[in-house]
Amino acid sequence: MKRVILVQRNEPTNDESRNIRKLIELHDLARSANYKVVGDVTQTRRPDRKYQIGRGKVEELALMMKELGADGIIFSNQLSTTQIYNISETCKCEVIDKFQLILEIFAKRATTKRAKLQVELAKLQYELPKAKAIMSLLKKEERPGFMGLGSYEDSYEQDIRSRIKRIQKELASVQKDNESLRIKRHEYGYSIVSLAGYTSAGKSTLFNALVDEDVHVDDMLFTTLLPITRALNICGRRVLLTDTVGFIEDLPHWMIDAFRSTLNEIFLADVILLVVDASESPGIMRQKLVTSHDTFWEQIKGVPIITVLNKIDRITENELKERLENVGYLTPNPVAVSAKNSLGFDELKMEIYRQLPKWKRETVSLPMSEYGMSIVSWLFNESIVHNINYKDRIIVDFEARDEIILKARIIEKKDKHGHNHMFT
Amino acid sequence: MYNIIAVDISGRHKINNRYYMVCAAVSVSITAEHIEKVNQIKIKSFWMDSAPELTDIIQVIEDTAKEIEFGGTIITEHGEMYNQPERVVASMFSREFKYQESLGDRSSIELAHHISLCTRNLLLSELGIESR
């Protein structure tokens, strides 16, 4: 396990609580990437062009490295290539920033082809603006002749660009397959419910508890990277529940773009379950909810959101009340649950049922024959049958989506006019 | 459901050596994710010879929002206030202020943005000024 020191430069205008939260998050991220944190350094100042933090602080950091026997440095702030170069020259060790750390975690967790492509795309997009500078720094010693260096840099950048294009094309085709799968699921009468929320809010635990599955759950950030979908029955409605990757504050736009196909899983759902860790302080909850709303904005239009206040087993009823008073304006349709102890699931399922696209209730009269029975069995598959009465004719009282009701009406009408054909 | 005043200013760039701005203030009743009701809309136009500073922007917003008869916190985008920290900006206002947070806040600001932008385009065409 690599020993690292964490460094964070705080903006002078930032709140202290925000700085602390960011540092804790960096600790968690480093732990998730299998690093052992041996110390942390913070400095409040405007960014330094050469070192990000002050030059004196970097020298202090170099001494600290020797004392603590650390092998690397992780910065909370985004570093430019020159800054990475300068700091690693002074401290004589590997220097990475938060985004590279997130990419490392993603690369470790990626198992499927799509996830691997997404991680590679994110990595390349991170590397692209630095490509020229990296080459320039690496080939500093060899500058043969007039314009000797230029071609090196350009071709390297060109390589990255063409690889990005190729991956985007490949991802788009994967995306298309998913798109048609989603349409098919809708056609088969499934509604899609997605779990979304800040990382480590307990989405996977809730997912497991709801569908009785065994998806990998860990006390680490980004345990889930690729969406996992399972079927679920909610008050007779067939629902597909999808577990997705968690959000994180200040995620740069190129990273969101790379994981768009994963996030699409959330944005194209019929209902979104926004999972929140209710055991955290109201201030932190508020910040995480704002980040979630920020990610949702412009992506979802009119999709109902249910806020799932998770981990209520860790707090008292009064504390829950207080949190709801504080952050109530950010929590649409709140439901309190404990995924660990399966508390509040009935209320959650009822709320999901309420928010699902509305089905209409209808009554049809079918002939008492083999053909009529085949329609009944089809209705049982495609809708919720509330009441069925077998007399001279079969009277079925059912709830279904528009297409099914229309089909049933046509069958009923044809039957009344004496057409008797096999239903296919 | 609660009341807010969403504010947006259009035209903070130079045209014909002047800054022609339109400020729209919209009083709305919102939930966390939707606008439930639009209570009142007020629009004011301003022009300046130099680029507006933070204090000017605050004055423009205060002048527009005071014509709204309904109460509520003034809400804007971060960029409207030159990305200054919330506590700094809030201390300069005479009434409650915060940056956008929920989806409801954002929808309201989007509404205010459409209103101010359209009004400004109309005014500029009335004045015979090219908007670009």
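Residues numbered from 1 in each chain as written. Chains lettered and ligands numbered in written order. Predicted model: local features only at pLDDT ≥ 70, side-chain atom pairs only at ≥ 80, totals over all residues. Heavy atoms only, no water.

1. Describing the pairing of strand β2 (residues 35-44) of chain A
All names here are of chain A.
Move 1: Relative to β2, strand β1 (residues 2-10) runs parallel, the two sharing nine bridges. Looking across to β2, one finds that Gln8 is bridged to Thr42.
Move 2: Viewed along the sheet, the connection from β1 through helix α1 (residues 16-32) into β2 turns out right-handed. (Pairing = 2+ DSSP bridges. Helix = DSSP H or I, 4+ residues; strand = E, 2+ residues; numbered from the N terminus. Right-handed = clockwise from strand over helix to strand, strands pointing away.)

2. Brief notes about the sheet that holds strand β10 (residues 334-336) of chain A
Residues and elements named next belong to chain A.
Move 1: Reading across from one edge, β6-β7-β5-β8-β9-β10 is the order of the six strands in this open sheet, with mixed pairing throughout. Of all strands in the sheet, those with a lone pairing partner are β6 (228-234) and β10, marking the two edges. This sheet shows a mean twist of 30° between the axes of neighbouring strands, independent of strand direction.
Move 2: The pairing of strand β5 (residues 191-197) with strand β7 (residues 237-243) spans five bridges and is parallel. From the neighbouring strand, Ser191 faces β7, where its bridge partner is Val239. (Axes fitted to C-alpha atoms, helices over the stretch in contact; angles between N-to-C directions.)

3. A closer look at the interface of chain A and chain B
Move 1: Every contact between the two is made by 20 residues of chain A and, on the other side, 13 residues of chain B.
Move 2: Summed over both sides, the interface between chain A and chain B buries roughly 1300 Å², with carbon and sulfur atoms accounting for 56% of that surface.
Move 3: When the buried area of chain A at its contact with chain B is split by residue, His293, Trp297 and Tyr329 of chain A rank highest and sum to 46% of it.
Move 4: If you look at where chain A meets chain B, you find two salt bridges.
Move 5: Asp294 of chain A is the salt-bridge partner of Arg106 of chain B, the closest N and O atoms lying 2.8 Å from each other.
Move 6: One can count six residue pairs in polar contact (both at pLDDT 80 or more) joining chain A with chain B.
Move 7: For the side of chain A that touches chain B, the per-class residue count stands at eleven nonpolar, five polar and four charged. (Contact = heavy atoms within 4.5 Å. Buried area = accessible area lost by both parts, 1.4 Å probe. Salt bridge = Lys/Arg side-chain N within 4 Å of Asp/Glu carboxyl O. Polar contact = N/O pair within 3.5 Å; in protein donor to acceptor, adjacent residues only side chain to side chain. Nonpolar A, V, L, I, M, F, W, Y, C, P; charged D, E, K, R; others polar.)

4. Considerations on the environment of Ser173 of chain A
Move 1: Relative to the helices and strands, Ser173 of chain A is located in helix α6 (residues 150-187).
Move 2: Only 2.8 Å separates the side chain of Ser173 of chain A from the backbone oxygen of Glu170 of chain A, close enough to count as a polar contact.

5. Side note on the nonpolar core
Residues and elements named next belong to chain A.
Move 1: Counting residues in each nonpolar core, the largest one holds 26 residues, and the members touching the most others are Ile266, Ile272, Phe296, Ile300 and Ile305.
Move 2: When residues of this core are traced back to their parent elements, those giving at least two are β5, α9 (260-267), β8 (271-277), α10 (282-296), β9 (305-310) and α11 (317-327).
Move 3: In terms of residues, this core owes the most to one element, α10, which gives four residues.
Move 4: Val211, Leu273, Ile306 and Ala339 belong to the second largest nonpolar core, which has 23 residues in total. (Core = buried A, V, L, I, M, F, W, Y, C linked by side-chain atoms within 4.5 Å. Buried < 20%, exposed > 50% of the residue type's maximum accessible area, 1.4 Å probe, protein only.)

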